[in-house]
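Chain residues, written in single-letter form:
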Amino acid sequence: VFAVIFAVVIWKVLSNQQQTFSRRFISKCLEYKKDNNESYCQQIFHVFEKAYIGKPMCNVTMEDYDDLMAMVPFDHPCHQTMLWSKTNELVHKYTAKDEDKKDCFTLEDTLLGYILNDERWCGKKGSNETFDNGCDDCANSAVRSFWDSASAEFAEYACGNVTVMLSGSEEKPFNPFSTFARVEIKRLKHPFVKKLNVILVTGNKNVSNCAADNLNIDLQKALDSNILYSCNEVPESRIRECSSSSSDNTDVGCVA
Ligand code: C8R
C-alpha cells in the first residue's frame with residue numbers, strides 16, 4: 001500500500017512539474033499578443049519540446065531548434081535591432097516602452113525570447129517530460145542551445161543600423177565567450193546591415209572605453225569589413241534617464 005501511495009505521489013509531483021512549465025509557456029505565449037490563441041501556443045510548445053525531450057541533458061544542439069525557429073518567424077522591424085552583452089538588466093529597462101513608442105527591439109521582445117527569458121528547462125534520456133529543475137548547465141544544454149539558435153536567427157534577421165549595448169565595467173566588453181561574440185556578430189551581413197553602433201555603458205567602475213583594443217581590434221576583426229562601425233560611451237545614469245517613461249526622447253536618438 002505504501003509503495004502504491006509513494007508511486008502516486010511521485011507521479012503527481014512529476015506531472016505537476018511538467019504542467020507548471022508547459023502552463024507557464026502557454027500563458028506567456030497568450031499574454032504576448034492578443035491574437036495568439038491556445039491552439040497556436042500549444043503547437044509551438046509541442047515543436048519546442050521536440051528539440052530536447054528524451055535526450056541526454058547535455059546533448060541538445062542548436063539545430064535541434066530549427067523546426068521551432070522556422071515555425072515562429074520574427075515580425076519586428078529588422079532595422080531596429082538591439083543586441084547586448086553583460087547589460088541584461090539595463091538594456092531591457094531601456095527598451096521597455098509602450099508598443100507605439102518602441103524604437104528598438106531585443107530578442108526578449110520577440111515571442112520565443114519573451115516566453116523563455118529567465119526560464120530553465122531540460123529533458124532526460126528515456127523520459128518524455130520537461131524538467132524545470134535539476135538541469136545541468138553544460139555547453140549543449142537545452143537552454144544554451146536555444147539561446148544560441150534564437151540569437152543566430154535574430155542577428156541574421158537584422159538590417160540597417162544595428163545597436164549593441166556593451167559594458168564598460170568589463171575588461172573585455174567584447175568577450176569572446178559571449179553569445180554576442182560567438183554567435184551574433186558574424187551573422188551581421190553586409191549589405192543588409194550597414195552599420196554597427198556600440199553603446200558602451202560607463203559608470204563608477206570603468207575599466208574600458210571606446211579606445212580599447214578589445215573593441216578597435218578584436219571586435220572590428222570579427223565584424224564584416226563592409227559594415228561601418230561606431231562607438232559611443234554613454235553614462236549609465238543617462239541611459240536610465242532615457243528609460244523613464246516620461247522621457248520624450250526616442251531610444252536610439254536619446255543615447256547616441
Ligand atoms: N541572448 C543571449 N542570451 C540570453 C538572451 C539573449 O537574448 N536572453 C537571455 N535571458 N539569455 P550575457 P551574451 C541568457 O553573457 O552571452 C542574445 C542566456 O542564458 O550577458 O553576449 C541577445 O540577442 C545566456 O547564457 O550576454 C544578445 O544580443 C545569458 O543570458 C546576446 O545574445 C547571456 O548573458 C546576449 O548574450
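What counts and what doesn't
Sequence order sets the numbering: in each chain, residues are counted from 1 along the sequence as written. Predicted model: local features are reported for residues with pLDDT of at least 70 only, side-chain atom pairs are reported and counted for 80 or more only, and whole-chain, interface and lining totals are derived from all residues. By convention in this description, side-chain values take in all heavy atoms of the structure and omit both hydrogens and water. Orientation is described by lines fitted to C-alpha atoms, with helices fitted over the stretch in contact, and by angles between N-to-C directions that extend from 0 to 180 degrees. Secondary structure counts use DSSP, requiring at least four H or I residues in a row for a helix and at least two E residues in a row for a strand, with both numbered from the N terminus. The hand of a helix crossing depends on one turn: near helix anticlockwise from the far one by less than a right angle means left-handed, and clockwise means right-handed. Any two residues whose heavy atoms approach within 4.5 Å at even a single point are treated as in contact. For this classification, the nonpolar set comprises Ala, Val, Leu, Ile, Met, Phe, Trp, Tyr, Cys and Pro, the charged set comprises Asp, Glu, Lys and Arg, and every other residue, Gly included, is treated as polar. We call a residue near a molecule or strand when any one of its heavy atoms sits within 4 Å of it. Counted as a polar contact is a pair of N or O atoms within 3.5 Å, where, for protein atoms, one must be capable of donating a hydrogen and the other of accepting one, and residues adjacent in sequence contribute only when both atoms are in side chains. Per-residue accessibility takes into account occlusion by the displayed protein chains alone, with areas from the Shrake-Rupley method and a 1.4 Å probe. Criterion used throughout: strands pair if DSSP finds at least two bridges between them. Note on exposure labels: buried denotes an accessible area under 20% of the residue type's maximum, exposed denotes more than 50%, and partly exposed covers the range between, all computed with a 1.4 Å probe on protein chains only. The directions from the helix axis to the C-beta atoms form the arc being described. Here, two cysteine sulfur atoms that lie within 2.5 Å of each other are counted as a disulfide.

K.L.:
Can you help me understand the packing of helix 4 (residues 88-95) against helix 9 (residues 236-243) in this one?
P.N.:
When two helices pack together, their arrangement is given by the angle between the helix axes and the distance between those axes. At a minimum axis distance of 8 Å, the contact between helix 4 and helix 9 shows a crossing angle of 35°. Pair helix 4 / helix 9 crosses with left-handed handedness. Residue-level contacts link Glu89, Leu90, Lys93 and Tyr94 of helix 4 to Glu236, Ile239, Arg240, Cys242 and Ser243 of helix 9. Looking at side-chain class alone, the contact of helix 4 with helix 9 contains four nonpolar, one polar and four charged residues.

K.L.:
When you look at the site of the ligand in this model, what are you seeing that I'm missing?
P.N.:
What surrounds the ligand is a group of 14 residues, the closest being Ser85, Lys86, Glu108, Thr179 and Glu184. One nitrogen or oxygen atom from the main chain of phenylalanine 180 is found 3.2 Å from an oxygen atom belonging to the ligand. Burial of the ligand by the surrounding chains reaches 82%, relative to a free accessible area of 610 Å². Going through the elements one at a time, strand 1 (82-84), helix 6 (142-157) and helix 7 (179-184) are the ones with two or more residues in the shell around the ligand. Residues of the shell around the ligand, tallied by class, amount to six nonpolar, five polar and three charged.

K.L.:
Looking at this structure, I do not really get the sheet that holds strand 1. What am I missing?
P.N.:
Across a sheet, paired strands are connected by hydrogen bonds in the backbone, their directions being either parallel or antiparallel. Taken in spatial order, the four strands line up as 1-2-3-4 in an open sheet, and their pairing is parallel. Among the strands making up the open sheet, the edge pair consists of strand 1 and strand 4 (228-235). Direction aside, the axes of adjacent strands within the sheet are offset by 25° on average. Relative to strand 2 (residues 160-167), strand 1 is paired through three bridges, and the arrangement is parallel. Bridge pairing in strand 2 links leucine 83 to valine 164. In this fold helix 4 packs onto strand 1, strand 2 and strand 3 (193-202), with an angle of close to 160° to the strand it touches most, strand 1.

K.L.:
Is there a simple way to think about helix 8 (residues 213-222) in this case?
P.N.:
Within helix 8, the full set of buried residues consists of Asn214, Leu215 and Leu219. What you see down the axis of helix 8 is that its buried residues fit within an arc of 80°, all on one side. Facing away from the buried side of helix 8 by over 90 degrees, the exposed positions are Asp213 and Lys221. Packing partners of the buried residues in helix 8 comprise strand 2, helix 7, strand 3 and strand 4.

K.L.:
I tried to follow the side chain of lysine 28 on my own but got confused; where do I start?
P.N.:
Position of lysine 28 among the secondary structure elements: in helix 1 (residues 2-32). A relative accessible area of 16% places lysine 28 in the buried class. Setting aside residues up to four positions removed in sequence, lysine 28 forms contacts with Tyr114, Ile115, Asn117 and Glu119.

K.L.:
Please clarify how unusual backbone geometry should be interpreted in this entry.
P.N.:
Glycine aside, a negative phi is what most residues show, and trans is what most peptide bonds show. A cis amide bond links histidine 190 with the next residue in sequence, proline 191, at an omega value of 5°. Mapped onto the elements of the fold, proline 191 is located in the loop between helix 7 and strand 3. We note that lysine 86 has phi near 60°; this positive angle belongs to a residue other than glycine. One can find lysine 86 in the loop between strand 1 and helix 4.

K.L.:
Any chance you could explain the state of the cysteines here in plain terms?
P.N.:
A covalent bond bridging the sulfur atoms of two cysteines is what the word disulfide describes. Applying the stated rule across the entire model yields five disulfides. Between the sulfur atoms of cysteine 78 and its disulfide partner cysteine 159 the distance amounts to 2.1 Å. Its torsion about the S-S bond being 80°, the disulfide of cysteine 78 and cysteine 159 is classed as right-handed. In this pair, cysteine 78 is assigned in the loop between helix 3 (66-71) and strand 1 and cysteine 159 in the loop between helix 6 and strand 2, connecting sequence segments 81 residues apart. Exposure remark for cysteine 78: the relative accessible area of 23% places this residue in the partly exposed category. Note on cysteine connectivity: cysteine 210 is disulfide-linked to cysteine 231, with sulfurs 2.0 Å apart. In this structure the cystine formed by cysteine 210 and cysteine 231 twists about its S-S bond by roughly -75°; its chirality is therefore left-handed. Note that cysteine 210 is positioned in the loop between strand 3 and helix 8 and cysteine 231 in strand 4, a separation of 21 residues in sequence. On the accessibility criterion, cysteine 210 (14% relative accessible area) is buried.

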